[in-house]
Amino acid sequence: MAAPSSERFWRIIDTSGAWLLALCWIAPLLFALWAAFHSANAALALDWRAPLILDNFRQAWQAAPWLRYLFNTVILVSLILIGQFTLCTLAGFAFARFQFRGKSLLFALVLLQLFVLPEILIVENYAMVTRLGLFDTPLGMSLPYMASAFGIFLLRQAFMQIPRELEEAARIEGCGWFGVLWRVYVPAAKPIYLAYALVSVATHWNNFLWPLIVTNSSATRPLTVGLSLFGAPESGVNISIVSAATLMAIAPLLIGFLVFQRQFIQAFLRAGIR
Amino acid sequence: MTQALPRNPVERRQHMLFGWGLLTPALLLLTLFAFYPMLATLWSSFFSRGTARRPSVFNGIENYRDLLADPTFWQVLGNNLLYAGVTVPVSIALALGMALWANARIPGRALVRTAFFTPTMLPMIAAANLWLFFYTPGLGLLDHITALFGIGPTNWLGQPGTALWSVMAVTIWKESGFFMLFYLAALQAIPPELQEAARIEGAGRWAYTRRVVLPLLMPTTVFVLINALINSVRLIDHLFILTKGGPDNASKLILYWIWEMAFAYLDQAGAAVLTVLVIAALGLVAALQFVFFDRRIHYR
């Protein structure tokens, strides 16, 4: 049996270790926060007594159409979410509730996309979006992600766990297949939808490579692409201004995360553990 | 998939109709943005690079031969293998440590957990911007720290020996907190009686962790491993900010190279061949999961 003194010893080790690692982990963010409020010279010289200034935010704000980027990002994640909810609900329902020839093969094909993500196929997807005349449009940016294998799989699992008895009750009230889906299955899977929504929004808010490829103007560019153009060394802005811009760009999602932290973490767990 | 088709012919037709009907929109998009592109990539990998004057022609496995003969290919492949070989185990080990700590009874546990998880919520581009600061030669935070030990300024991102490692640090920073979450959930699912029983048996803390906790975390480790392997191909956004694959390809990863070939050098043939190889590698990961690991993950 462990003696109480050794228990206390381990507790101190655990606490200091955990705190030290946590500090290391959050340090880049804290440092950027500090740098954003100081002049670049003071930030690089680590001058802790330098005065606080807001000038970096003013300069960063004026240097790029951030509100427009933010708006584009919101449009992008909304379009993707609406598309995913619609398509994945229908497909998940088909896999969960219907028996038909070719189902296993189709399911395997869908699951293939869990591994071959749209990012890998950038070249051909770019050609496809251009062919469809959707280059540099919000729709072109969002289409490849709408039929998400992950979402289909998640909703299929959720629908399969819903007892058939609930369905019978709705049938007696005269519901058809779509009535059953809308009145019974969708409401019963609400927590899964919420979890999926949070994961999807967080993922696509931060997505970069595909939007970079299919956008060409600030009228469609999302925040991540805007930020990458802004921070490029060629643009000649200093590190304090880059920090200020980075903080502005990540603020909406980060604040949302900190406020709804429990829900976010639950969402990732629910969606992740399959 | 275990259930049989309905016996009743009317019902059977209805299931057929609804099943395929409901799947049509998703299948249409998957065809446009997954199945067709995959086949098209394979097809175009057998054609030569077209120019304005010379249209592309079928040349069999010539592109593959060219790629394999290109020393850059082996360098980039080596980089990506090293990138995976380091970031995957390190972020899994860190995630496990973080989860054990975030699950232990320590003061300020919620804050510690938030600190670990926050990087996960940032875009890779933003993470790269934050880390640029650390790596600025002579002036960055890292050089301030190494100066304390009498080491002169280092051009972390600008020299071949350190560029890839600097990129890996950002990846590990970004991923560990995410993987921690899955370990945390698994840890919370372990019944507390087990620890009590282990304690009565006289098992120390280390024995309990190694003999009881780690085996129970195996399924989580497999899940995290698969995700980490996929991410080692996919996570390249920070290269755009930190190194652009340089210097001299020292930090170039495959997906970044695909992007560069297709959109900077306009070498569609080369990009197609590389994409085919990546798909093959990811297919291997998928097969690994299906054949060797838990089949229940998908067919529960």
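1. Some words on the overall build of chain A
Along chain A, the regular secondary structure elements total 15 helices and zero strands. Seen along its three principal axes, the alpha-carbon backbone of chain A occupies a region of about 75 × 70 × 35 Å. The buried share among the 274 residues of chain A stands at 46%. Considering only residue pairs separated by 6 or more positions, chain A has 77% of its internal contacts joining residues 24 or more positions apart.

2. Focus on the overall build of chain B
Broken down by element type, chain B carries 14 helices and zero strands. Counted from the first residue to the last, chain B has its helices and strands arranged as α-α-α-α-α-α-α-α-α-α-α-α-α-α. The C-alpha atoms of chain B give a radius of gyration of 24 Å, which is well past the 19 Å a tight globule of 300 residues would have. The C-alpha extent of chain B, read off along each of the three principal axes, is 75 × 75 × 30 Å. For chain B, the proportion of its 300 residues judged to be buried stands at 40%. Sequence separation of 24 or more characterises 67% of the internal contacts of chain B that already satisfy a separation of 6 or more.

3. Re the confidence of the model for chain B
Residues and elements named next belong to chain B. Across chain B, pLDDT averages 86, with 95% of residues at or above 70. The lowest-confidence element of chain B is helix α14 (residues 296-299), averaging 42 in pLDDT; the highest-confidence one is helix α3 (residues 71-103), averaging 94. Scored below 50 in pLDDT, residues 295-300 makes three contacts in the model with residues more than four places away or belonging to other chains.

4. Details of the interface of chain B and chain A
Contacts between the two partners involve 82 residues from chain B and, on the opposite side, 77 residues from chain A. When residues of the side of chain B that touches chain A are assigned to their parent elements, the largest contribution, 18 residues, is made by helix α1 (residues 9-44) of chain B. Residues that form the side of chain B that touches chain A fall into these classes: 62 nonpolar, 16 polar and four charged.

5. A few points about the domain arrangement of chain A
Think of interface size as the accessible area that goes away when the parts come together; that is how it is often given. All names here are of chain A. Partitioning chain A into structural domains gives domain 1 (4-59) and domain 2 (64-272). Computed over C-alpha atoms only, the centres of domain 1 and domain 2 are separated by 33 Å. Of the residues lining the interface, twelve residues belong to domain 1; the matching set on domain 2 comes to nine residues. Those elements that place two or more of their residues in the side of domain 1 that touches domain 2 are α1 (4-36), α2 (40-44) and α3 (55-63). Sorting elements by how many residues they give to the side of domain 1 that touches domain 2 places α1 first, with four residues. Residue composition of the side of domain 1 that touches domain 2, grouped by class: eight nonpolar, four polar and no charged.

6. Thoughts on the packing of helix α14 (residues 239-259) of chain A against helix α5 (residues 124-135) of chain B
Two elements in contact, α14 of chain A and α5 of chain B, have axes whose closest approach is 10 Å; the angle formed by their N-to-C orientations is 150°. Considering their axes alone, α14 of chain A and α5 of chain B lie roughly antiparallel with respect to each other. Crossing of α14 of chain A against α5 of chain B: the hand is left-handed. For the pair α14 of chain A and α5 of chain B, the contacting residues are I239, V242, T246, A249 and I250 of chain A in the first and A126, N129, L130, L132 and F133 of chain B in the second. Taken together, the residues of the contact of α14 of chain A with α5 of chain B sort by class into eight nonpolar, two polar and no charged.

7. Focus on the nonpolar core
Residues A91 of chain A together with A95, F179, M180, Y183 and I258 of chain B are the most contacted members of the largest nonpolar core, which totals 170 residues. Those residues in contact with F179 of chain B, other than ones at most four positions away along the chain, are S91, I92, A95, V224 and A228 of chain B.

8. A look at unusual backbone geometry
All names here are of chain B. Even without a glycine there, the phi angle at K244 is positive, about 55°. Secondary-structure assignment places K244 in the loop between α11 (237-242) and α12 (254-264). Taking the C-beta count within 10 Å as the criterion, K244 has 16 such neighbours and is therefore assigned partly exposed.

9. A word on the environment of L184 of chain B
Residues and elements named next belong to chain B. Within the secondary structure, L184 sits in helix α7 (residues 160-188). On the basis of neighbour count, L184 is assigned to the buried category, with 24 C-beta atoms found within 10 Å. Sequence-wise, L184 and R113 are 71 residues apart; in three dimensions their C-alpha atoms are separated by 9.8 Å. Excluding its chain neighbours within four sequence positions, the residues that come into contact with L184 are A99, A102 and N103.

10. Observations regarding the environment of G78 of chain B
All names here are of chain B. By secondary structure assignment, the location of G78 is in helix α3. Residue G78 is classed as exposed on the basis of its C-beta count, with 11 C-beta atoms lying within 10 Å. Considering only alpha carbons, one finds G78 and L148, 70 residues apart in sequence, at a separation of 34 Å.

11. Side note on the packing of α3 of chain B against helix α4 (residues 109-117) of chain B
All names here are of chain B. Contact geometry of α3 with α4 gives a least axis separation of 9 Å together with a crossing angle of 160°. It follows from the interaxial angle that α3 and α4 lie roughly antiparallel. Read as a crossing pair, α3 and α4 show a hand that is left-handed. In this structure, α3 uses M98, W101 and A102 to contact α4, whose residues at the interface are R109, V112, R113 and F116. For the contact of α3 with α4, the class distribution of residues is five nonpolar, no polar and two charged.

Reading the values: the criteria
- Residues numbered from 1 in each chain as written.
- Chains lettered and ligands numbered in written order.
- Predicted model: local features only at pLDDT ≥ 70, side-chain atom pairs only at ≥ 80, totals over all residues.
- Helix = DSSP H or I, 4+ residues; strand = E, 2+ residues; numbered from the N terminus.
- Buried ≥ 20, exposed ≤ 12 C-beta atoms within 10 Å, placed from the backbone.
- Contact = placed C-beta atoms within 7 Å.
- Rg over C-alpha atoms; globule rule 2.2 N^0.38 Å.
- pLDDT = per-residue confidence, 0-100.
- Nonpolar A, V, L, I, M, F, W, Y, C, P; charged D, E, K, R; others polar.
- Domains from an automatic or database assignment.
- Axes fitted to C-alpha atoms, helices over the stretch in contact; angles between N-to-C directions.
- Parallel < 35°, antiparallel > 145°, perpendicular 65-115°, else oblique.
- Left-handed = near helix turned anticlockwise from the far one by under 90°.
- Core = buried A, V, L, I, M, F, W, Y, C linked by C-beta atoms within 7 Å.

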